[in-house]
Amino acid sequence: AQSVTQPDIHITVSEGASLELRCNYSYGATPYLFWYVQSPGQGLQLLLKYFSGDTLVQGIKGFEAEFKRSQSSFNLRKPSVHWSDAAEYFCAVGAYNDMRFGAGTRLTVKP
Amino acid sequence: NAGVTQTPKFRVLKTGQSMTLLCAQDMNHEYMYWYRQDPGMGLRLIHYSVGEGTTAKGEVPDGYNVSRLKKQNFLLGLESAAPSQTSVYFCASRPNRQVRGQNTEAFFGQGTRLTVV
């Protein structure tokens, strides 16, 4: 079965600094990969997704992610973090039928 | 367009009580999922369904049952609630890419916060 690992439970960055959230997956075939964001008390919102093609994908709110098959990774990046980006971020891998999520990374943004 | 709607939004149960969480989607999606979210553990898949009348177990199915009698509805049941089932429950739906000829993400409801005392 597929699985997702997000090594960082909590990350703190200063506003305006760059951000990278790590995601590693385990899946036997070509994965469908996603990043979702969850604000406190809210549901999940899709940031971006990768199915095939260009390995660098652009998402909403200025986020991007790069798929690296050789490293089984799909890291999320943002060049300049805003205070409103403080939230929890989930990486997910979607197989044919089901979707599995990582444990999440909580992002704190310092003024 | 309502998307995915979960009812109820909040519920407090006593140990041993039963209840059913309802998930309804109006996007004609084939796949539906139930997850639970606990601190530090992300979202864990409880059960899922690939179509009307079919269900399958996910990562943490014990203590839960599901039914998909209609394509638009996916019910999650707790027959005898336990404190360990205190959690936030999320429902999601997703199209079948083989049917639609496209790949896409899952769409989530707003969650049900369940407390078992």
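In what follows, the structure referred to is the one given above.
Residues numbered from 1 in each chain as written. Chains lettered and ligands numbered in written order. Predicted model: local features only at pLDDT ≥ 70, side-chain atom pairs only at ≥ 80, totals over all residues. Heavy atoms only, no water.

Draft legend 1. Region of the structure containing the overall build of chain A. Helix and strand counts for chain A stand at 0 helices and 12 strands. Tracing chain A from N to C terminus, the helices and strands come up as β-β-β-β-β-β-β-β-β-β-β-β. Principal axes of the C-alpha set define a box for chain A whose edges measure 40 × 30 × 20 Å. For chain A, with 111 residues in total, the buried portion stands at 48%. Long-range contacts, defined as pairs at least 24 residues apart, comprise 53% of the intrachain contacts of chain A with a sequence gap of at least 6. Here chain A has roughly 5100 Å² of accessible surface; of this, 48% comes from carbon and sulfur atoms. Charged side chains of chain A number 10 positive and 9 negative; the gap between the two group centres comes to 2 Å. (Helix = DSSP H or I, 4+ residues; strand = E, 2+ residues; numbered from the N terminus. Buried < 20%, exposed > 50% of the residue type's maximum accessible area, 1.4 Å probe, protein only. Contact = heavy atoms within 4.5 Å. Areas by Shrake-Rupley, 256 points an atom, 1.4 Å probe, with all protein chains shown as cover. Lys, Arg positive; Asp, Glu negative; His and termini not counted. Charge placed at Lys NZ, Arg CZ, Asp CG, Glu CD.)

Draft legend 2. Focus on the nonpolar core. Residue and element names in this part refer to chain A. Counting 26 residues, the largest nonpolar core has Leu19, Trp35, Leu47, Leu48, Phe74, Leu76 and Tyr89 as the members making the most contacts within it. Put simply, the parts of the chain that give this core at least two residues each are strand 2 (10-14), strand 3 (19-21), strand 5 (32-38), strand 6 (45-50), strand 8 (64-68), strand 9 (73-78), strand 10 (87-94) and strand 12 (105-110). At 4 residues, the largest contribution of residues to this core is made by strand 10. (Core = buried A, V, L, I, M, F, W, Y, C linked by side-chain atoms within 4.5 Å.)

Draft legend 3. Broad picture of the interface of chain A and chain B. At the junction of the two partners, chain A supplies 21 residues and chain B supplies 23 residues. Buried surface at the junction of chain A and chain B, both sides included, amounts to about 2000 Å², of which 53% is carbon and sulfur. Connecting chain A to chain B are 1 salt bridge. At the junction of chain A and chain B, the tally comes to 5 residue pairs in polar contact (both at pLDDT 80 or more). (Buried area = accessible area lost by both parts, 1.4 Å probe. Salt bridge = Lys/Arg side-chain N within 4 Å of Asp/Glu carboxyl O. Polar contact = N/O pair within 3.5 Å; in protein donor to acceptor, adjacent residues only side chain to side chain.)

Draft legend 4. View of unusual backbone geometry. Residue and element names in this part refer to chain B. With an omega of -5 degrees, the peptide bond running from threonine 7 to proline 8 counts as cis. With respect to the secondary-structure elements, proline 8 resides in the loop between strand 1 (4-7) and strand 2 (10-13). Although it is not a glycine, asparagine 28 sits at a positive phi angle of roughly 60 degrees.

Draft legend 5. Just the environment of B:Asn96, in detail. All names here are of chain B. Looking at where asparagine 96 falls in the secondary structure, it is placed in the loop between strand 9 (87-94) and helix 1 (97-100). Classification of asparagine 96 by relative accessible area gives buried; the value is 10%. Expressed as a C-alpha distance, the spacing of asparagine 96 and glycine 51, which sit 45 residues apart in the sequence, is 9.1 Å. In this structure asparagine 96 touches Glu30 and Tyr31, once residues within four positions along its chain are discounted.

Draft legend 6. Structural detail: the state of the cysteines. Taken as a whole, this structure holds 2 disulfides over all chains when the rule is applied. Here A:Cys23 engages in a disulfide with A:Cys91; their sulfurs sit 2.0 Å apart. Taking the sign of the S-S torsion, about -65 degrees here, the bridge from A:Cys23 to A:Cys91 comes out left-handed. With A:Cys23 in the loop between strand 3 and strand 4 (24-26) and A:Cys91 in strand 10, this residue pair connects regions lying 68 residues apart in the sequence. On the accessibility criterion, A:Cys23 (0% relative accessible area) is buried. Owing to a relative accessible area of 0%, A:Cys91 belongs among the buried residues under this scheme. Here B:Cys23 connects covalently by a disulfide to B:Cys91, the sulfurs 1.9 Å from one another. Its S-S torsion of approximately -75 degrees makes the covalent link between B:Cys23 and B:Cys91 left-handed. On the criterion of sequence distance, the pair formed by B:Cys23 in strand 3 (residues 19-25) and B:Cys91 in strand 9 is long-range, its members being 68 residues apart. (Disulfide = S-S within 2.5 Å.)

Draft legend 7. Molecular detail of the layout of surface pockets. Roughly 630 Å³ of internal volume is contained in the largest pocket. What lines the largest pocket is a set of 31 residues, and nearest its centre among them are A:Gln38, A:Gly41, A:Glu88, B:Gln37 and B:Arg113. Of all the elements in the fold, those that place two or more residues in the lining of the largest pocket are strand 10 and strand 12 of chain A together with strand 4 (31-38), strand 9 and strand 11 (112-116) of chain B. The class makeup of the residues in the lining of the largest pocket is 11 nonpolar, 14 polar and 6 charged. (1 Å grid on protein atoms, 1.4 Å probe; cavity = no way out; pocket = protein on both sides within 12 Å on 5 of 7 lines; lining within 4 Å. Points joined across faces, edges and corners; volume = space filled by probe spheres on them. Nonpolar A, V, L, I, M, F, W, Y, C, P; charged D, E, K, R; others polar.)

Draft legend 8. How the structure looks around the sheet that holds strand 7 (residues 65-67) of chain B. Residue and element names in this part refer to chain B. Taken together, 4 strands build an open sheet; the order of strands is 1-3-8-7 and the sheet is antiparallel. Since the sheet does not close on itself, it has two edges, and those belong to strand 1 and strand 7, each with one partner. With strand direction ignored, the average angle separating the axes of adjacent strands in the sheet is 20 degrees. One ladder, built from 4 bridges, connects strand 1 with strand 3; its direction is antiparallel. (Pairing = 2+ DSSP bridges. Axes fitted to C-alpha atoms, helices over the stretch in contact; angles between N-to-C directions.)

Just geometry here; none of it tells us what the structure is for.
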